[in-house]
Structures are given as C-alpha cells and as structure tokens.
Amino acid sequence: MHVMSDKIVILTGAGISAESGLGTFRDEGGLWARHRIEDVATPEGFARDPILVHEFYNARRAQAAKAQPNAGHQALAQLAAQHPGEVVVITQNVDDLHEKAGSQGVIHMHGTLSGALCSACGHRWQAELVMQPQDSCPHCAGTTTRPDVVWFGEIPYAMQTIETHLAEADLFVSIGTSAQVYPAANFVQAAAAAGARTLEFNLEPSAMATRFDDCRYGPASKTLPRWVA
Ligand code: BJW
C-alpha cells in the first residue's frame, strides 16, 4: 500500500465473501431475491415463525462452514501484519472468513453465524451447526434460542467501540457493501468528518460512492491484493 497511514479502519460487507461462494443480499439472485427480509431478518419474523428463520440460518451456517477465505480476505490479514496495531476490521458479515484468513480482533457488528442467543435472558453461547428454537439456554434453561445476529430494528454490536475507531481513523476503507443499511452506511461520513481519507472498493459504485475520496472498482479478490502489495 502506497499511502502511509497511522490508523486504517476497514468496513467489509457481503461482497468480500461473494468470491468464496457466499451469496450477497441485494445483488441479482441474492438472498433477498429468494427470502423476504421481514420473514427472516426481523425479530417480528422470528416471533411469527422461528422454524423458518432457523432453517434459513442453518443453511447459511452449513455453507459458511465449508467456505474458504479468498485473496481479498487474505490481503486484509496481510495488511494488518504489515502495519501491526494500526488496522481495525469491522465487518457486517456473519461468516468467519476474515478469521480463517488470519485477521484478529474483527468486530462483527451484525453478529456471527457461530453464535446462539437466548431471547429470554440475553445469554450467548457457541451455536451447534444445526440450531432449533427449542434448544435450551445453558444459563436460564429458556427455549427461545435464536441466532446471534443483528436484525432490522435491533442495535448493532460494539457501536461505541466503532465510533471511537472512526473518530481516530486516518484512512477509512469500505469493501463490498452496497451502503444501503444503516448505521454502517454512515461510517464514511463519520470518518471523513473526523479527518480521515476515504476509499471504496466494490464492483460498482455503492449508494455512498460520492462520499469517498477515491474508489476502486473490480472484484475484491483482485483489487485488494493489488492495493496491499
Ligand atoms: C463485490 C463483489 C466482489 C459483490 N468484490 N464487491 C430509514 C432510513 C435510514 C435508516 C433506516 C430507515 N428505516 C430503518 C432504518 C434502520 C435500518 C436500515 O438501515 N434500513 C435500511 C433498509 C434503510 N437499520 C437497522 O435497523 C439497523 N439497526 C439500527 O439502525 O439501530 C439503530 C441504532 C444504530 C446505532 C446506534 C444506535 C441505534 C440494523 C441493521 C441490521 C442488518 N442486518 C442484516 C442481517 C444480518 C444477519 C444476516 O447476515 O442474516 O445485515 S441485513 C443485511 O444487510 C446484513 C448485511 O450485513 C447488511 C448489509 O449488506 P451488504 O453487506 O452491504 O450486502 P449487499 O448485498 O447489500 O451488497 C453487496 C455489495 O458487494 C454490492 O454493492 C456489490 O456490488 C458488492 N460486491 N461482489 C467487491 N466480488
């Protein structure tokens, strides 16, 4: 990477995992073309039909377990190795491909497929590969177990930590996100307001493309290794 920066804050979205075989949400043929958001990605949908929601996430958990990181994930892990202590990865993704590539301390603002959450007491634990609503909570024995992911209308994880990172960023990089979902879509503005340079990687301009200082278009498995080299 040619730009010397003190703190590099990276936001990733579904596009970085697309070339690992995990579907995006809003691209043609994406998850939201085949499933109704209200049914599978809201607390109300889960309350109406928990079995349907578990089927949706069980299938994605099985797919993610088999997936391997691509050159884009690997480039970000390499970047962190080249700049020790200076790179923060915030992901909207619920897969673990950044970790499989060697990234550490990844902030999963929309939760993880590997987590289970008790709707009754809020306890969290490691999910089985196949989850069911009647799975018993190890803390309160409640039987309203859900995937530990953030649905519409819920508050994403680690927001205070993220706000601090954005305020301290010298370079903010957004990768493979359509920037249609808040609060992540606003991170570019927060980082720019705090004085960071901003850079977007995507196949095409995102909804926030005009807010970035610089944009690189193409598959992340090609553009990121080129950037990091
Ligand atoms: C490639 C590529 C390749 C493809 N290389 N690129 C009205 C106005 C403003 C806000 C709201 C509003 N009404 C409601 C809201 C809030 C709402 C919201 O944003 N709604 C919008 C629809 C308008 N947001 C919320 O409810 C959030 N909570 C919240 O706001 O709480 C209030 C609060 C916040 C902060 C502090 C205090 C209070 C929660 C949002 C939860 C989102 N959950 C999901 C599901 C997670 C679990 C799961 O995975 O199932 O998160 S929805 C889904 O969208 C998932 C994703 O993380 C998220 C973003 O999607 P992403 O990653 O951008 O994917 P795509 O498919 O959209 O885009 C892929 C991109 O990759 C494309 O651009 C491609 O071009 C590109 N690409 N291949 C590079 N090879």
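Cut-offs applied
- Residues numbered from 1 in each chain as written.
- Predicted model: local features only at pLDDT ≥ 70, side-chain atom pairs only at ≥ 80, totals over all residues.
- UniProt positions renumbered as here; feature names shortened; annotations may be inferred.
- Domains from an automatic or database assignment.
- Contact = placed C-beta atoms within 7 Å.
- Nonpolar A, V, L, I, M, F, W, Y, C, P; charged D, E, K, R; others polar.
- Core = buried A, V, L, I, M, F, W, Y, C linked by C-beta atoms within 7 Å.
- Buried ≥ 20, exposed ≤ 12 C-beta atoms within 10 Å, placed from the backbone.
- Helix = DSSP H or I, 4+ residues; strand = E, 2+ residues; numbered from the N terminus.
- Pairing = 2+ DSSP bridges.
- Expected span 1.5 Å × (residues − 1).
- Near = placed C-beta within 6 Å.
- Axes fitted to C-alpha atoms, helices over the stretch in contact; angles between N-to-C directions.
- Parallel < 35°, antiparallel > 145°, perpendicular 65-115°, else oblique.
- Left-handed = near helix turned anticlockwise from the far one by under 90°.

- If you check an unreviewed UniProt entry, the protein appears there as NAD-dependent protein deacylase from Pseudophaeobacter arcticus.
- Quoted verbatim from the Subcellular location (unreviewed entry) field of the UniProt record, the comment on the protein reads "Cytoplasm".
- Quoted verbatim from the Sequence similarities (unreviewed entry) heading of the UniProt record, the comment on the protein is "Belongs to the sirtuin family. Class III subfamily."

### Some words on the domain arrangement of the protein
Point 1. With domains assigned, the protein is organised as domain 1 (1-21 + 69-110 + 156-229) and domain 2 (23-66 + 113-149).
Point 2. Look at where the C-alpha atoms of domain 1 and domain 2 centre, and you get two points 25 Å apart.
Point 3. At the junction of the two partners, domain 1 supplies 9 residues and domain 2 supplies 7 residues.
Point 4. Its residues assigned to classes, the side of domain 1 that touches domain 2 comprises 3 nonpolar, 4 polar and 2 charged.

### Some remarks on the nonpolar core
Within soluble globular proteins, side chains that are nonpolar generally end up buried alongside one another.
Point 1. Within the largest apolar cluster, 39 residues are counted, with the highest numbers of intra-cluster contacts made by Val9, Ile10, Leu76, Ile90, Phe172, Val173 and Ala191.
Point 2. Sort the elements by how many residues they give to this core and helix 6 (residues 71-82) lands first, with 5 residues.
Point 3. The contacts of Ala191, once residues within four sequence positions are left out, are Val9, Leu166, Ala169, Phe172, Ala196 and Thr198.

### Notes on the pairing of strand 6 (residues 145-149)
Point 1. In terms of residue burial, strand 6 counts as a mostly covered element, since 4 of its 5 residues are buried.
Point 2. As defined by bridge partners, strand 4 (residues 111-118) adjoins strand 6 across 4 bridges and the pair is classed as antiparallel. For Cys118, the partnering residue across the bridge sits in strand 6 and is Thr145.

### Brief notes about helix 6
Point 1. End to end, helix 6 covers 16 Å across 12 residues, agreeing with the expected 16 Å (1.5 Å per residue, within 8%).
Point 2. Turning to helix 6, its buried residues number three or more, namely Gly72, His73, Gln74, Ala75, Leu76, Ala77, Leu79 and Ala80.
Point 3. Structurally, helix 6 contributes buried residues whose contacts are with strand 1 (8-12), helix 1 (15-18), strand 2 (87-91), helix 7 (97-101) and helix 10 (220-228).

### Quick word on the site of the ligand
Point 1. Taken together, the neighbourhood of the ligand is formed by 36 residues, with Gly13, Gly15, Phe25, Gln92 and Ser178 sitting nearest.
Point 2. Looking at side-chain class alone, the shell around the ligand contains 18 nonpolar, 13 polar and 5 charged residues.

### Considering the sheet that holds strand 7 (residues 171-175)
Point 1. The 6 strands are arranged 3-2-1-7-8-9 in an open sheet whose pairing can be described as parallel. Of all the strands in the sheet, the pair left with one neighbour each is strand 3 (107-108) and strand 9 (214-217).
Point 2. Pairing of strand 8 (residues 197-202) with strand 9, which is carried by 4 bridges, proceeds in the parallel orientation. In the sheet register, Asn202 faces strand 9, and the bridge partner there is Tyr217.
Point 3. Against the sheet, helix 10 engages strand 7, strand 8 and strand 9, with an angle of about 145° to strand 8.

### Focus on the packing of helix 6 against helix 10
Point 1. Contact pair helix 6 / helix 10: the axes reach a minimum separation of 7 Å and the direction vectors enclose 20°. Classified by the interaxial angle, the pair formed by helix 6 and helix 10 is roughly parallel. Two packed elements cross with a definite hand, and for helix 6 against helix 10 that hand is left-handed. Taken together, the residues of helix 10 that come into contact with helix 6 (itself represented by Ala71, Gly72, Ala75, Leu76, Gln78 and Leu79) are Ala220, Ser221, Leu224, Pro225 and Val228.

### Observations concerning unusual backbone geometry
Point 1. Going from Tyr182 to Pro183, the amide bond is cis rather than trans, its omega being 5°.
Point 2. The residue Pro183 is located in the loop between strand 7 and helix 9 (187-193) in this model.
Point 3. The residue Ala141 is not glycine, and still its phi comes out positive at about 65°.
Point 4. Counting through the fold element by element, Ala141 comes out in the loop between strand 5 (124-126) and strand 6.
Point 5. Positioned with a positive phi, Ala158 is a non-glycine residue whose angle comes to about 60°.

### Topic: the sheet that holds strand 6
Point 1. With respect to topology, 3 strands assemble into an open sheet ordered 5-4-6, the strand pairing being antiparallel. At either end of the open sheet lies a strand with only one pairing partner, and these are strand 5 and strand 6. Averaged over all pairs of adjacent strands, the angle between their axes in this sheet comes to 45°, without regard to strand direction.

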